[in-house]
Amino acid sequence: MTKEGRKKAFRTQSLIQLKKASGFGSYQKDKKILHVLYRYIAQSNAKHVMLYIPLKTEVNIYPLIQRLRKEKKALYVPFMEGTSFRLVKYRLPLKKKQFGIKEPNDSKQYRVKNIDLAIVPIVGTDVTHRRVGFGKGMYDRFYEKQNKNIKQTVFVARELCYSKEVITDHYDVKADMIITA
């Protein structure tokens, strides 16, 4: 089997595992992850934080977003544009868009330069700590252009789906830290 084939099979298996992990007990798992994540954000003194709007299989970070907003952190989320995305300031209301992903309204007037900490959801990872996502390559294309402006990247998942063999490519996003339940 090719590396691409192994990656695809790993993604399929991981998504099944994450769907199971998203059922009973997911609230407690998310709570643990958010506790560790919040401490890490505080320790790293991050002021500009990139987040995501969670899907059902991803860690629900809404409580973290609320807490960071109260602390007046600058929060940014992906805004889909073609085959990639750009960051926009997190603000309400959110609207359901492509792939069932929620987004704030477009705010072209604000361009973020530097991100202290990027929190990125993963489907899985391999021995190189590179990201296996949903297979659309949006984060990869975003990081290709913005990597120099992002100080640290933290991957989050309810359950660690891990491959002992290298199934990722050199362009897949790499983590500085991985937080799971």
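As a reminder, the structure under discussion sits directly above these lines.
The following paragraphs examine the structure supplied in this document.

Conventions we followed
By convention here, each chain's residues receive numbers from 1 onward along its written sequence. In view of the model being predicted, local features appear only for residues whose pLDDT reaches at least 70, and side-chain atom pairs are presented and counted only at 80 or more, with totals across whole chains, interfaces and linings using the full set of residues. Only hydrogens and water are removed before side-chain values are computed, so all heavy atoms of the structure are retained for them. Any Lys or Arg side-chain nitrogen found within 4 Å of a carboxyl oxygen on Asp or Glu counts as a salt bridge. Secondary structure is summarised from DSSP: a helix means a run of H or I of at least four residues, a strand means a run of E of at least two, and numbering begins at the N terminus for each. In these notes, a set of buried Ala, Val, Leu, Ile, Met, Phe, Trp, Tyr and Cys residues joined through side-chain atoms within 4.5 Å is what counts as a nonpolar core. Burial status follows relative accessibility: with a 1.4 Å probe on protein chains alone, a residue under 20% of its type maximum counts as buried, one over 50% as exposed, and anything between as partly exposed. Should any heavy atoms of two residues lie within 4.5 Å, those residues are considered in contact. A patch is a set of surface residues, each over 30% in relative accessible area and not in a salt bridge, joined within 9 Å for like charges and within 5 Å for the nonpolar side chains Val, Leu, Ile, Met, Phe, Trp and Tyr. All accessible areas in this document rest on Shrake-Rupley with a 1.4 Å probe, and a residue is counted as covered only by the protein chains that are shown.

1. Quick word on the pattern of salt bridges
Taken as a whole, this structure holds eight salt bridges when the rule is applied. A salt bridge links Lys7 to Asp172, with the nearest nitrogen and oxygen atoms 2.9 Å apart. Here Asp172 lies in the loop between strand 10 (162-163) and strand 11 (177-180) and Lys7 lies in helix 1 (residues 3-21), a separation of 165 residues in the sequence. Notably, a salt bridge pairs Arg158 with Asp30, separated by 2.7 Å at the nearest N-O pair. Of this pair, Arg158 sits in the loop between strand 9 (150-157) and strand 10 while Asp30 is found in helix 2 (residues 26-43), placing the two residues 128 residues apart along the sequence. Each of Lys3, Lys7, Asp169 and Asp172 takes part in salt bridges that share partners, so that together they form one network.

2. A short note on the nonpolar core
In this structure, Leu37, Met50, Leu51, Leu64, Ile119, Tyr143 and Val156 are the most contacted members of the largest nonpolar core, which totals 45 residues. Those residues within four positions of Val156 in sequence are excluded, and the remaining contacts are Ile33, Leu37, Tyr52, Val59, Ile119, Val120, Pro121, Ile122 and Ile179.

3. Digging into a nonpolar patch on the surface
On the surface, a nonpolar cluster with roughly 310 Å² of combined accessible area is contributed by Val127, Leu160, Tyr162 and Val166. By the element assignment, Val127 lies in the loop between strand 7 (124-126) and strand 8 (131-132).

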